[in-house]
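Observations on chain architecture
Each chain, written out:
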Amino acid sequence: MGKIIGLTGGVGCGKSTVLGILCENYRCMAVSTDEVSREQMKPGGAVYRRVVEAFGNAILSGDGTVDRAKLAEIVFSDEGALARLNALTHPAVTEFVLEQVKKERRENRYELLVVETALLIEGGYDKFCDEVWYVYAPEADRRKRLKKSRGYSEQKIDDLMARQRTEEEFFSVATHVIRNPDATTKEALLKNIKEIL
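What you see is a predicted model, and the numbers here were worked out from it, not measured in a lab.

Conventions we followed
- Residues numbered from 1 in each chain as written.
- Predicted model: local features only at pLDDT ≥ 70, side-chain atom pairs only at ≥ 80, totals over all residues.
- Heavy atoms only, no water.
- Helix = DSSP H or I, 4+ residues; strand = E, 2+ residues; numbered from the N terminus.
- Buried < 20%, exposed > 50% of the residue type's maximum accessible area, 1.4 Å probe, protein only.
- Arc of directions from axis to C-beta.
- Contact = heavy atoms within 4.5 Å.
- Salt bridge = Lys/Arg side-chain N within 4 Å of Asp/Glu carboxyl O.

1. Details of unusual backbone geometry
- A positive phi angle is found at Asn-108, which is not glycine, with a value near 50°.
- Within the element layout of this structure, Asn-108 appears in the loop between helix H5 (79–107) and strand S3 (112–116).
- Residue Asn-108 is classed as partly exposed on the basis of its relative accessible area, which comes to 39%.

2. Here's the deal with helix H1 (residues 15–25)
- Within H1, burial applies to Lys-15, Val-18, Leu-19, Ile-21 and Leu-22. An end-on view of H1 places all buried positions within 160° of arc, on one side of the element. Turned more than 90 degrees away from the buried face of H1, the exposed residues are Ser-16 and Glu-24.
- Packed against the buried residues of H1 are strand S1 (3–8), strand S2 (28–32), S3, strand S4 (131–136), strand S5 (176–179) and helix H9 (186–196).

3. What to know about the pattern of salt bridges
- A full pass over the atoms with the stated rule returns 17 salt bridges.
- For the salt bridge of Arg-143 with Glu-154, the shortest nitrogen-to-oxygen distance reads 2.7 Å. Here the residue Arg-143 occupies a position in helix H6 (residues 139–150), and Glu-154 occupies one in helix H7 (residues 154–162), the gap between them amounting to eleven residues.
- Judged by relative accessible area, Arg-143 falls into the buried class, the value being 15%.
- Classification of Glu-154 by relative accessible area gives partly exposed; the value is 37%.
- One network of salt bridges, with partners in common, ties together Glu-139, Arg-143, Lys-147, Glu-154 and Asp-158.

Here it is, written out as C-alpha cells:
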C-alpha cells in the first residue's frame, strides 16, 4: 500500500508546485480538494442543486454554471453565508476523498496518494493520512505571489489569510515541513521531498 500524504499550507505557499513535483517524479495520485469542490459544483455535481437553492439564481452565469466570483463575493463578506457554504460542500468533498483513499488501499496502484488541501484540519483529513506535509512560505513571499500570479489586492489577501489557520496551527499538525520561500528552486524542493520520503 502506498503512503497517504496530506499536503497543506496557507494560500500562496506553493502547495500546487510541490504537488506538481511529486506527480512528475513519483507514481502519485493527486487529489486536490479545490478541484473536487469545483467539479461537484458544476451542473449535475454532488452539491450544485443545494448551493443554488441556498444562495439563489443570482450566483449563476448565463450558461447555468455557478459563478465562483459572485459566490465568493457573497461568502467572504458574511461569516454566516461562508459557514452555510462550507456545511454544504465540505462533507461531499470529504466523502469523495475518502472513497479515493479506500479505492487506492484496495487497488494499490500508486506509491503515493496525496490529498492537497488548505482545509486539512477542518476536513478531518489528518485523521486518515499517514503523514501531514506543511508547505511553509513567509507571509511576505505569499503576499507577493498572490499579487503577481492572481492579481489580488492587499484587502483580498488580508481577508483570505484571516480565514485560514495560523502558521502555529499548521506546524502543530505537520509530520514534515517543506520550506518554500521565494528563492527556492524546484530542484531544492525535490531534494527536500526525497529526504522526507
